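# Fold and contact review
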Amino acid sequence: MLIARVIGTAVSTMKDEKLEGRKLLVVQQTDEYGKASGKPFVAIDSVDAGVGDLVLTAAGSSARQTTVTKDRPVDAVIMAVIDSLEVEGKSTFRKS
Amino acid sequence: MLIARVIGTAVSTMKDEKLEGRKLLVVQQTDEYGKASGKPFVAIDSVDAGVGDLVLTAAGSSARQTTVTKDRPVDAVIMAVIDSLEVEGKSTFRKS
Amino acid sequence: MLIARVIGTAVSTMKDEKLEGRKLLVVQQTDEYGKASGKPFVAIDSVDAGVGDLVLTAAGSSARQTTVTKDRPVDAVIMAVIDSLEVEGKSTFRKS
Amino acid sequence: MLIARVIGTAVSTMKDEKLEGRKLLVVQQTDEYGKASGKPFVAIDSVDAGVGDLVLTAAGSSARQTTVTKDRPVDAVIMAVIDSLEVEGKSTFRKS
Amino acid sequence: MLIARVIGTAVSTMKDEKLEGRKLLVVQQTDEYGKASGKPFVAIDSVDAGVGDLVLTAAGSSARQTTVTKDRPVDAVIMAVIDSLEVEGKSTFRKS
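Residues numbered from 1 in each chain as written. Chains lettered and ligands numbered in written order. Predicted model: local features only at pLDDT ≥ 70, side-chain atom pairs only at ≥ 80, totals over all residues. Heavy atoms only, no water.

Within chain A one finds zero helices and seven strands. Its helices and strands in sequence order give chain A the pattern β-β-β-β-β-β-β, from N to C terminus. A globule of 96 residues ought to have a C-alpha radius of gyration of about 12 Å, and chain A, at 14 Å, matches this closely. Seen through its principal axes, chain A has C-alpha atoms that stretch 45 × 25 × 20 Å. In chain A, the share of contacts with a sequence separation of at least 24, taken over all contacts with a separation of at least 6, comes to 52%. (Helix = DSSP H or I, 4+ residues; strand = E, 2+ residues; numbered from the N terminus. Rg over C-alpha atoms; globule rule 2.2 N^0.38 Å. Contact = heavy atoms within 4.5 Å.)

In the superposition of chain B on chain A (RMSD 0.0 Å, axial shift 0.0 Å), the rotation amounts to 72°. What the rotation and shift describe, once combined, is the action of a five-fold rotation axis. Here only 4% of the contact residues of chain B are again contact residues in chain A; the copies associate through non-equivalent surfaces. (Least-squares fit on C-alpha atoms with pLDDT ≥ 70 in both.)

Next up on the list: the side chain of A:Thr92. Residues and elements named next belong to chain A. With respect to the helices and strands, Thr-92 occurs in strand 7 (residues 90-94). Given the relative accessible area of 11%, Thr-92 is considered buried. One polar contact links the side chain of Thr-92 to the main-chain carbonyl oxygen of Glu-32, over a distance of 2.7 Å. Discounting chain neighbours no more than four positions away, the residues touching Thr-92 are Glu-32, Tyr-33, Leu-85, Glu-86 and Val-87. (Buried < 20%, exposed > 50% of the residue type's maximum accessible area, 1.4 Å probe, protein only. Polar contact = N/O pair within 3.5 Å; in protein donor to acceptor, adjacent residues only side chain to side chain.)

On to the pattern of salt bridges, then. Residue and element names in this part refer to chain D. Counted according to the given criterion, the structure contains 15 salt bridges over all chains. A salt bridge links Asp-45 to Lys-23; the nearest nitrogen and oxygen atoms lie 3.0 Å apart. Of the two residues, Asp-45 is situated in strand 3 (residues 41-45) and Lys-23 in the loop between strand 1 (2-11) and strand 2 (24-29); the sequence distance between them amounts to 22 residues. By relative accessible area, Asp-45 is classed as buried at 9%. What makes Lys-23 partly exposed here is its relative accessible area of 35%. A salt bridge links Asp-53 to Lys-95; its shortest N-O distance comes to 3.7 Å. (Salt bridge = Lys/Arg side-chain N within 4 Å of Asp/Glu carboxyl O.)

Looking now at the pairing of strand 1 (residues 2-11) of chain C. Both faces of the sheet carry side chains from a regular strand, because those side chains alternate between them. As defined by bridge partners, strand 1 of chain C adjoins strand 4 (residues 54-59) of chain C across four bridges and the pair is classed as antiparallel. Looking at the pairing, C:Arg5 lines up with C:Leu54 of strand 4 of chain C. In the sheet, strand 1 of chain C pairs with strand 2 (residues 24-29) of chain C via five bridges, with the strands oriented antiparallel. Residue pairing across strands places C:Arg5 opposite C:Gln28, the latter belonging to strand 2 of chain C. Sheet topology note: the strand 1 of chain C/strand 6 (residues 84-87) of chain E ladder contains four bridges and is antiparallel. (Pairing = 2+ DSSP bridges.)

Turning our eyes to something else, we now look at unusual backbone geometry. The backbone phi angle of B:Asp48 is positive, close to 60°, even though this residue is not glycine. One can find B:Asp48 in the loop between strand 3 (41-45) and strand 4 (54-59). By relative accessible area, which is 64% here, B:Asp48 ends up exposed. One non-glycine residue with positive phi stands out, namely C:Asp71, at about 65°.

On to the interface of chain B and chain A, then. Each partner contributes residues to the interface: chain B has 28 residues there, and chain A has 29 residues. Summed over both sides, the interface of chain B with chain A buries roughly 2300 Å², with 52% coming from carbon and sulfur. At the boundary of chain B with chain A, the tally comes to zero salt bridges. For the interface between chain B and chain A, the tally reads 16 residue pairs in polar contact (both at pLDDT 80 or more). (Buried area = accessible area lost by both parts, 1.4 Å probe.)

With that out of the way, let us pick up the interface of chain B and chain C. The interface is formed by 29 residues belonging to chain B together with 28 residues belonging to chain C. At the boundary of chain B with chain C, total buried surface from both sides reaches about 2300 Å², with 52% on carbon and sulfur atoms. When the buried area of chain B at its contact with chain C is split by residue, B:Met14, B:Lys39 and B:Asp75 rank highest and sum to 26% of it. Where chain B meets chain C, there are 16 residue pairs in polar contact (both at pLDDT 80 or more). Within the residue set of the side of chain B that touches chain C, elements represented by two or more residues are strand 1 (2-11), strand 2 (24-29) and strand 3 of chain B. It is strand 1 of chain B that contributes the most residues to the side of chain B that touches chain C, five residues altogether. Counted by class, the side of chain B that touches chain C contains 15 nonpolar, six polar and eight charged residues. (Nonpolar A, V, L, I, M, F, W, Y, C, P; charged D, E, K, R; others polar.)

Take the arrangement of the chains next. The two units chain A and chain C are non-contacting; their minimal C-alpha-C-alpha distance is 10 Å. Separated without contact, chain B and chain D have their nearest C-alpha atoms at a distance of 10 Å.

To continue, consider the side chain of A:Arg64. Mapped onto the elements of the fold, A:Arg64 is located in the loop between strand 4 (54-59) and strand 5 (76-81). Of the buried charged residues, A:Arg64 lacks a salt bridge, with A:Asp71 as the closest side chain of opposite charge at 5.6 Å. A distance of 3.0 Å separates the side chain of A:Arg64 from the side chain of B:Ser61, its partner in a polar contact. A polar side-chain atom of A:Arg64 sits 2.9 Å from a polar atom in the side chain of B:Ser62. Ignoring sequence-local partners within four residues, the contact set of A:Arg64 consists of A:Thr69, A:Lys70, A:Asp71, A:Arg72, A:Val74, B:Ser61, B:Ser62 and B:Gln65. (Lys, Arg positive; Asp, Glu negative; His and termini not counted.)

Moving on: the environment of E:Ile82. For E:Ile82, the position within the fold is in the loop between strand 5 (76-81) and strand 6. Separated by 59 residues in sequence, E:Ile82 and E:Lys23 have C-alpha atoms that sit 19 Å apart. If we skip the residues at most four places from it in the chain, E:Ile82 touches C:Val11, E:Ile3, E:Leu54, E:Val55, E:Leu56, E:Phe93 and E:Lys95.

Residues and elements named next belong to chain A. A sequence separation of 53 residues divides Lys-23 from Ala-76, and the C-alpha atoms of the two residues are 12 Å apart. Aside from chain neighbours lying at most four places away, what touches Lys-23 is Ala-43, Ile-44, Asp-45, Asp-48 and Ala-49. A polar side-chain atom of Lys-23 sits 3.0 Å from a polar atom in the side chain of Asp-45. At 3.0 Å, the side chain of Lys-23 forms a polar contact with the backbone oxygen of Ala-49.

Bear in mind that shape data such as this cannot, by itself, settle questions of function.
Here it is as structure tokens:
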């Protein structure tokens, strides 16, 4: 899973009918400190994540293994909100 | 899902029979402002997208979860046309 | 799908039995003008493509959705030969 | 499979219910000497790996082929702890 | 499929039980001349490949379509040993 930060939201009216009611969040991959870089992408939220949260995203067919994404044309899902990260014995991130 | 812009069309006569009647659009990944970069790729349209639209694309097996792509040899589908994007509290894209 | 050019052929005697009789083509990703760059890869041909053709390739499980690749250990298939590409209102490629 | 080093741990309370009780490890891809570089990612542990171990990770649908990850929304699993690597006739890594 | 060279071997005692008896080879992607670059990865051998061989590797779910990898948590398999490559009308590689 990628470590990513929720940086925004996407709105779409013309979309596959199986996406109705799904929350589209704009996320960006980060390092272990929560520092984001690279092109953002869009993931479906399955855990009530909000803008600013550090999250885990699962890609590909794995993104369709939650109840809100099953059998839907989505290739990225937020399946966890990160509370804390500890790397090399140090706390690198803690949810505020 | 990637944020991408539809930049053109592809025409193919010699193709897998399961692609008959499918619209092949040339798309290019963008950032949250709709600015495109990188090599373009081709996606099947499932939502009546047009050249110039900012869209979401799903890849891999997820690309086969729409009615127009099911069981077909395609690994990218346009499954939403983006109306607007809001990032870090600012509107970064709005469909004109 | 990637836009790619067929640049050569691969021969293999020691291979998975499910690859018997499959044509192994060496391809290289291109831009919308057919200009190739990056490391080449090998794809199974399902549409009678030839060296020099500009083609579309599908990857991953999608590569196994043609009759010649079904249930086989292949992760790239050529599923279309491109006749023409039109990008930003201009013809960028036309098969000669 | 990628060669990766376990560099830390992630804690999440708000997560998909199918992740309950799964150990989330932070890993980073390495070369054949165990030298890590690039952005870290998070993998589910299926083999009792610990921080500091050099491991193999499997991605995508392959990550769901262990008993602890089956049908769960995870796209990376640690499925082996590496004892040793030998490359070009030399021992490049040995577990201490 | 990627063109890759087998550069070594990996040994693992603590591993998913479904990997028992599988040969873990260290491989590195190459160009059409067999020149390797980039980070090595580990693939399961299904065709009796040896160190030094130029091979084809299949990734993702496609890596599980051989008899030795079916239903196992592996995302890369060697499914062919390359005898020769011909690119742009020239022989770029021939097995010695």
